[in-house]
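Here's the letter readout for the chains.
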Amino acid sequence: MTGYPPAVRGAVYMTLAALCWSAMMILVRALGDAYSAFEILFVRNLVTVAFIVPLLLRSSGSVFRTSRMGLHCVRVAFAYIGILGLFYGLLHIPVADVVALSFTQPLFIAVLAAVLLGEAVGVPRWRAIAIGFAGVLIILRPGFAEIGAATLAVLASAAAYGASNICIKKLMTTDTPVQSTLFGNLLMLPLSALPAAFVWVTPGWWDALAMIGVGLGGMGGIYFVSRAYAAADASAVVPYDFLRLPLSAGAAWVLFGETSDIWMPAGAAIIFASSYALVRIEAREARAG
């Protein structure tokens, strides 16, 4: 795709990422009636590590040297909570609702960056954050609809992913993206294996393939997102991430008969618009700086 303009390449890569993430979520939803989130998460990590091992065999031992193993562990703990909350939500509430609420991750990152890193947020960012959380209230409608544990788990997942990304931001001052990916997956494997052992249900061939698909979808999503951000500015590619909502909602409707009320897309649009505004504000500040 080198012959295409950066914005076109970024759009294509982000669209492919949306397809991978949507496929992963649909597969998790399909497996949810027979398997726990712990088991699905463990197999996902196992698939990822299996793909990483050949890269490790070709790398030098320097990739294992880090002075910040403690921060790597904290980052993995947050990522573990994040993906477990996401999977739990997918097993108990409509896929479209999970996707819509997952768009709050940039909002949590902005808030956590201000609280934990002392970053200046400014009025425009706080306004975008407030509007985004208003979108969450539109989806949840507290006082008019019941807010269950699965819904709270998805919001906790977004917050945990935000904390994990803050840790990655701190790690990138000394370590490399390769090290972050390596330690993230190697440390999460035993963390996910222990609870999975207590609820393990041996899958049949088709279910095993679906679990492998969950791992491949997750890896594909991360890979194509990275390629999208490398190809073009975030403000040019982020809008295509919103494709996750119609793709996953459409698939869930066809395969599982899931539907959502009018409040979900309305709230999702507000959340995504506020997240996009945060990206534009950050890009504008970066150019000014």
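Every value quoted in this text rests on a predicted model; they were computed, and no experiment measured them.

(A) View of the overall build of the protein. Across its full length, the protein carries 12 helices and 0 strands. Its helices and strands in sequence order give the protein the pattern α-α-α-α-α-α-α-α-α-α-α-α, from N to C terminus. The globule rule puts the C-alpha radius of gyration for 289 residues at 19 Å, and the 19 Å found for the protein is close to it. Taken along its principal axes, the extent of the C-alpha atoms in the protein is 50 × 45 × 40 Å. Sorting the 289 residues of the protein into buried and exposed places 45% on the buried side. Partitioning the intrachain contacts of the protein with sequence separation of at least 6 by distance along the chain shows that 90% fall at a separation of at least 24. Roughly 14200 Å² of accessible area belongs to the protein as shown, and the carbon and sulfur atoms make up 70% of that amount.

(B) Up close: the nonpolar core. Ile40, Phe87 and Leu90 are the most contacted members of the largest nonpolar core, which totals 68 residues. No other element matches the 10 residues that helix α1 (residues 6-31) contributes to this core. In this structure, Leu90 is in contact with Met25, Val28, Arg29, Val95 and Val98, ignoring residues within four places of it in sequence.

(C) Fine view of the pattern of salt bridges. All told, the structure shown has 3 salt bridges when counted by the stated rule. A salt bridge links Asp261 to Arg141; the nearest nitrogen and oxygen atoms lie 3.3 Å apart. You can see Asp261 sitting in the loop between α11 (244-256) and α12 (263-288) and its partner Arg141 sitting in the loop between α6 (122-140) and α7 (149-171), a full 120 residues away along the chain. Here Arg244 and Asp241 are joined by a salt bridge, their closest N and O atoms 2.8 Å apart. For the pair Arg244 and Asp241, one class covers both residues: buried.

(D) Structural view of helix α8 (residues 177-198). Look at α8: 33 Å from first C-alpha to last across 22 residues, which is about the 32 Å you get at 1.5 Å a residue. The secondary structure elements touched by the buried residues of α8 are α2 (37-58), α3 (69-92) and α7.

(E) Layout of the confidence of the model for the protein. Summarising the model, the protein shows a mean pLDDT of 87, and 95% of its residues fall at 70 or more. Averaged over each element, pLDDT in the protein is lowest for helix α10 (residues 234-237) (76) and highest for α11 (93).

(F) Local environment of the packing of aromatic side chains. Across all of its chains, the model carries 7 aromatic pairs by this definition. Here Phe42 and Trp200 contribute two aromatic rings whose centre-to-centre distance is 6.2 Å and whose plane-to-plane angle is 75°, an arrangement assigned as edge-to-face. Here Phe42 is found in helix α2, whereas its partner Trp200 is found in the loop between α8 and α9 (205-231), with 158 residues between them in sequence. Between Phe103 and Phe272 the ring centres are 5.1 Å apart and the planes differ by 70°, which places this aromatic pair in the edge-to-face class. Of the two residues, Phe103 is situated in the loop between α4 (95-102) and α5 (105-116) and Phe272 in helix α12; the sequence distance between them amounts to 169 residues. Of the two residues, Phe103 and Phe272, neither departs from the other in class, the shared state being buried. Connected via pairs of aromatic rings, a cluster forms that spans Tyr13, Tyr223 and Phe224. Residue placement shows Arg29 over the ring face of Phe256; its charged tip is 4.7 Å from the ring centre.

(G) Molecular detail of the environment of Val136. When you line up the elements, Val136 lands in helix α6. According to the relative accessible area criterion, Val136 is buried, its value standing at 6%. Expressed as a C-alpha distance, the spacing of Val136 and Thr104, which sit 32 residues apart in the sequence, is 8.0 Å. Filtering out sequence-adjacent residues up to four positions away, Val136 remains in contact with Leu101, Thr104, Leu155 and Ile271.

(H) How the structure looks around the packing of α5 against α6. Contact pair α5 / α6: the axes reach a minimum separation of 10 Å and the direction vectors enclose 135°. One way to sum up the angle between α5 and α6 is to call them oblique. Here the hand of the crossing between α5 and α6 comes out left-handed. Along its contact with α5, which presents Leu107, Phe108, Ala110, Val111 and Ala114, the element α6 presents Trp126, Ala128, Ile129, Gly132 and Phe133.

(I) Spatial organisation of the packing of α1 against α9. Where α1 meets α9, the closest approach of the two axes is 7 Å, and the angle between their N-to-C directions is 160°. The orientation of α1 with respect to α9, classified from their angle, is roughly antiparallel. α1 and α9 meet at a crossing whose hand is left-handed.

(J) Seen up close, the environment of Ile168. Structurally, Ile168 can be placed in helix α7. Spatially, the C-alpha atoms of Ile168 and Ser235 are 21 Å apart, while their sequence positions differ by 67 residues. Beyond its immediate sequence surroundings of up to four residues, Ile168 is in contact with Arg75 and Ser180.

Conventions we followed
Residues numbered from 1 in each chain as written. Predicted model: local features only at pLDDT ≥ 70, side-chain atom pairs only at ≥ 80, totals over all residues. Heavy atoms only, no water. Helix = DSSP H or I, 4+ residues; strand = E, 2+ residues; numbered from the N terminus. Rg over C-alpha atoms; globule rule 2.2 N^0.38 Å. Buried < 20%, exposed > 50% of the residue type's maximum accessible area, 1.4 Å probe, protein only. Contact = heavy atoms within 4.5 Å. Areas by Shrake-Rupley, 256 points an atom, 1.4 Å probe, with all protein chains shown as cover. Core = buried A, V, L, I, M, F, W, Y, C linked by side-chain atoms within 4.5 Å. Salt bridge = Lys/Arg side-chain N within 4 Å of Asp/Glu carboxyl O. Expected span 1.5 Å × (residues − 1). pLDDT = per-residue confidence, 0-100. Phe/Tyr/Trp six-rings, centres within 6.5 Å; stacked < 30°, edge-to-face > 60°. Lys NZ or Arg CZ within 6 Å of the ring centre and 35° of its normal. Axes fitted to C-alpha atoms, helices over the stretch in contact; angles between N-to-C directions. Parallel < 35°, antiparallel > 145°, perpendicular 65-115°, else oblique. Left-handed = near helix turned anticlockwise from the far one by under 90°.

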